[in-house]
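# Descriptive analysis of the structure
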Amino acid sequence: QVQLVESGGGLVQAGGSLRLSCAASGRSFSRYAMGWFRQAPGKEREFVGAITQSGNTDYANSVKGRFTISRDNTKNTMYLQMNSLKPEDTAVYYCAAENAWRVARSPDEYDYWGQGTQVTVSS
C-alpha cells in the first residue's frame, strides 16, 4: 500500500512556473514507477508524464520541453517542475504510482492515486 499526497499547486500567470511535489508513504517508494496526470473541468483525466524507478522519463507532447519530472528516492518524493505555463495547463494535477517496471500513459495502469492539487494559470 502506498499513500500519495500532492502539494505545490496554486494560481500563476501565463508564462510563470510552479513546482508540484508528490510525497509517498507506506511501502518502498523506489519500487514504483510514478506518473503525473491532470484533469480539467468537463474533460477526461490525461497523461502528463511519468518516471521509472531508475529515472527514465516520458512526457505528453503538450508539455514536452516545458515540464520536467524528477524523483528523490531518499525523500520518497516525486516532483513536477512546470515552466512557461499556459492557461490550457489549468487543471487538477494528480500523482499516481504503478507497481511495474515501466512507464504507462493510461491511468488504468496505475495502482495508487493522490487526492490532487489545483493549478490555475491566468491569461
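One can find the structure itself at the top, above this paragraph.
To start, this report covers the structure provided alongside it. Since this is a predicted model, take the numbers as computed values, not measurements.

### Remarks on the pairing of strand β9 (residues 91-98)
Along β9, seven of the eight residues are buried, which leaves the element largely enclosed by surrounding structure. Sheet analysis places strand β4 (residues 33-39) next to β9, joined by seven bridges and oriented antiparallel. Bridge pairing in β9 links F37 to Y94. For β9 and strand β11 (residues 117-122), the ladder comprises three bridges, and the chain directions are antiparallel. Within β11, the position partnered with A91 by the bridge is V119. Alignment of β9 against strand β10 (residues 112-113), held across two bridges, turns out to be antiparallel. Bridge assignment links A97 to a residue of β10, and that residue is Y112.

### A few points about the packing of aromatic side chains
Applying the stated criterion to the full structure yields six aromatic pairs. Ring geometry for Y32 and Y112: centres 6.0 Å apart, planes at 80 degrees, overall edge-to-face. Here Y32 is found in the loop between β3 (18-26) and β4, whereas its partner Y112 is found in strand β10, with 80 residues between them in sequence. Of the two residues examined, Y32 and Y112, each falls in the buried class. Plain terms: the ring middles of Y94 and W113 are 6.5 Å apart, the flat faces sit at 80 degrees to each other, and that makes the pair edge-to-face. Residue Y94 is found in strand β9, and its partner W113 is found in strand β10; the two are separated by 19 residues along the sequence. The exposure class assigned to W113 is partly exposed, which follows from its relative accessible area of 27%. One aromatic cluster is present, formed by F37, F47, Y94, Y110 and W113 through successive ring pairs. The ring of Y79 carries R19 above its face, with NZ or CZ at 4.0 Å from the centroid. Stacked on the ring of W113, the Lys or Arg R45 has its end atom at 4.8 Å from the ring centre.

### Comments concerning the sheet that holds β3
Pairing is antiparallel across the open sheet formed by four strands, whose spatial order is β1-β3-β8-β7. Strands with a single pairing partner mark the edges of an open sheet, and in this sheet they are β1 (2-7) and β7 (67-72). Ignoring which end each strand starts from, the neighbouring axes of this sheet average 15 degrees apart.

About the thresholds
- Residues numbered from 1 in each chain as written.
- Predicted model: local features only at pLDDT ≥ 70, side-chain atom pairs only at ≥ 80, totals over all residues.
- Heavy atoms only, no water.
- Buried < 20%, exposed > 50% of the residue type's maximum accessible area, 1.4 Å probe, protein only.
- Helix = DSSP H or I, 4+ residues; strand = E, 2+ residues; numbered from the N terminus.
- Pairing = 2+ DSSP bridges.
- Phe/Tyr/Trp six-rings, centres within 6.5 Å; stacked < 30°, edge-to-face > 60°.
- Lys NZ or Arg CZ within 6 Å of the ring centre and 35° of its normal.
- Axes fitted to C-alpha atoms, helices over the stretch in contact; angles between N-to-C directions.

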